[in-house]
Amino acid sequence: MENTEKRFKELAQRAEARYCTIFSDFLNADEISILLSIRFNTKYFLWGGYDGAERRVAAFGENCENSEFPLTVIKIKPKSPKFAEKLTHRDFLGSLMGLGIKRETIGDIIISENVGYIICLSRIADYILQNLGSVRRTSVCCEIVESLPEDAKSVPEESSIAVASARLDVLIAAVYGLSRNAVKEYFLSGRVFVNSRLNENFSHIPKTGDIISVRGKGRFVFKGVSGKTRKNRAVVLVDIYNT
C-alpha cells in the first residue's frame, strides 16, 4: 500500500512540476480505493474508456478531465464464427498474457456475441494487432475501433429483493445468494467496495445510486427502498451487472 501511495504522489508531483497531464497505467479496485483515500493538491480524474468501467486510468493535472486518454479499443473476432469455440473473459485475458503483456496495460475486456473488445493502453495496441492470432484454439482477427459499441456494453438487470434491512452485508447476501459466513469472508478479505472505495463496515447503509462491487462476484447499483412486505421486510431495488 505504501508503494502504491508513493507512486500516485510521484505522478501528481510530476504533473504539477511540468504543468501537464500525467497518466497512470490501468488501476484495479484496490489501487483505485487507495487513490481515492489520498488528499492531493493536484487534480486527478479516472477514466476506463466508457462509463462504468471497472479498471481505469488516472490522469493527474490541472486540465486532466479534458485530456485525451491514451486508450485504444481493439475488436477481436473469430475468423470463422460458425466454427469458433465459446470464448470467455479468461480466454481473452489468458491469450493476451501469453504474449507477455503486463496486466496493468489492459483495462476491461467486454464480450458480446463471442466477440471481444479489449480496452488497452495505446502504446501496446500495435503489438496486440501484430501478434494476437488466436484465442484458445480459435483463430481471430484484430482491428482498432473508434469506441466500444453501445450494444457491447453491459446492461444491468433490474431486480426487486425483500431483505431484513438495507445493510451492506444483507444486500450482498441477497443479491448473490450467499450465507452470512460467506459474506463475512468477503469483507474480511477486502473484496467489498462502494463507489470504488474499500468498505469493511458490515452495517454500512448505502445511498441511492451507490455502486457496490464484490470482487469475484460482480457489481450492482443500489436504487433504494421501494416499500415494505406484509412481514415488514424492506423491498429494495437493485441493478445487477452480469460478469
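Residues numbered from 1 in each chain as written. Predicted model: local features only at pLDDT ≥ 70, side-chain atom pairs only at ≥ 80, totals over all residues. Heavy atoms only, no water.

> Lay out the overall build of the protein chain with the relevant residues and their values.
Scanning the protein chain from N- to C-terminus turns up 6 helices and 14 strands. Based on the C-alpha atoms only, the size of the protein chain along its principal axes is roughly 60 × 55 × 30 Å. Every one of the 243 residues in the protein chain was classed for burial, and the buried ones make up 44%. Long-range contacts, defined here as pairs at least 24 residues apart, represent 59% of the contacts in the protein chain between residues at least 6 apart. Just so you have it, the protein chain exposes about 13,800 Å², and 46% of that area is on carbon and sulfur atoms. Positive and negative charge centroids in the protein chain, built from 35 and 29 side chains respectively, lie 6 Å apart. (Helix = DSSP H or I, 4+ residues; strand = E, 2+ residues; numbered from the N terminus. Buried < 20%, exposed > 50% of the residue type's maximum accessible area, 1.4 Å probe, protein only. Contact = heavy atoms within 4.5 Å. Areas by Shrake-Rupley, 256 points an atom, 1.4 Å probe, with all protein chains shown as cover. Lys, Arg positive; Asp, Glu negative; His and termini not counted. Charge placed at Lys NZ, Arg CZ, Asp CG, Glu CD.)

> Could you give me a rundown of the pairing of strand β8 (residues 138-145), with the residues and numbers involved?
Relative to β8, strand β4 (residues 71-78) is paired through 6 bridges, and the arrangement is antiparallel. From the neighbouring strand, P78 faces β8, where its bridge partner is V140. The pairing of strand β7 (residues 134-135) with β8 spans 2 bridges and is antiparallel. Looking at β8, one finds that S134 is bridged to S139. What sits between β7 and β8 in their antiparallel hairpin is a turn of 2 residues, with R136 showing a positive phi close to 55 degrees. (Pairing = 2+ DSSP bridges.)

> Account for the packing of aromatic side chains, with residues named and values stated.
The tally for this structure, following the rule as stated, stands at 7 aromatic pairs. For the pair F23 and F69, a centre-to-centre distance of 5.1 Å together with 65 degrees between the ring planes defines the contact as edge-to-face. With F23 in strand β1 (residues 22-27) and F69 in the loop between β3 (56-60) and β4, this pair connects stretches of sequence that are 46 residues apart. The class for F23 is partly exposed, based on a relative accessible area of 26%. Look at F69 and you get buried, because its relative accessible area is 10%. Centroid distance F45 to F69: 6.2 Å. Interplanar angle 65 degrees. Geometry classified as edge-to-face. Of this pair, F45 sits in strand β2 (residues 44-47) while F69 is found in the loop between β3 and β4, placing the two residues 24 residues apart along the sequence. The class for F45 is partly exposed, based on a relative accessible area of 33%. Members of the aromatic cluster, each reached through a chain of ring pairs, are F23, F45 and F69. (Phe/Tyr/Trp six-rings, centres within 6.5 Å; stacked < 30°, edge-to-face > 60°.)

> Any details on the sheet that holds strand β5 (residues 106-112)? Residues and values, ideally.
Across the sheet, 5 strands lie side by side as β5-β6-β4-β8-β7; this open sheet has antiparallel pairing. Since the sheet does not close on itself, it has two edges, and those belong to β5 and β7, each with one partner. Here 5 bridges tie β5 to strand β6 (residues 115-121), and the two strands are oriented antiparallel to one another. Within the sheet, the bridge partner assigned to S112 lies in β6 and is V115. Against the sheet, helix α3 (residues 89-97) makes contact with β4, β5, β6 and β7, and its axis sits at roughly 140 degrees relative to β5, the strand it touches most. (Axes fitted to C-alpha atoms, helices over the stretch in contact; angles between N-to-C directions.)

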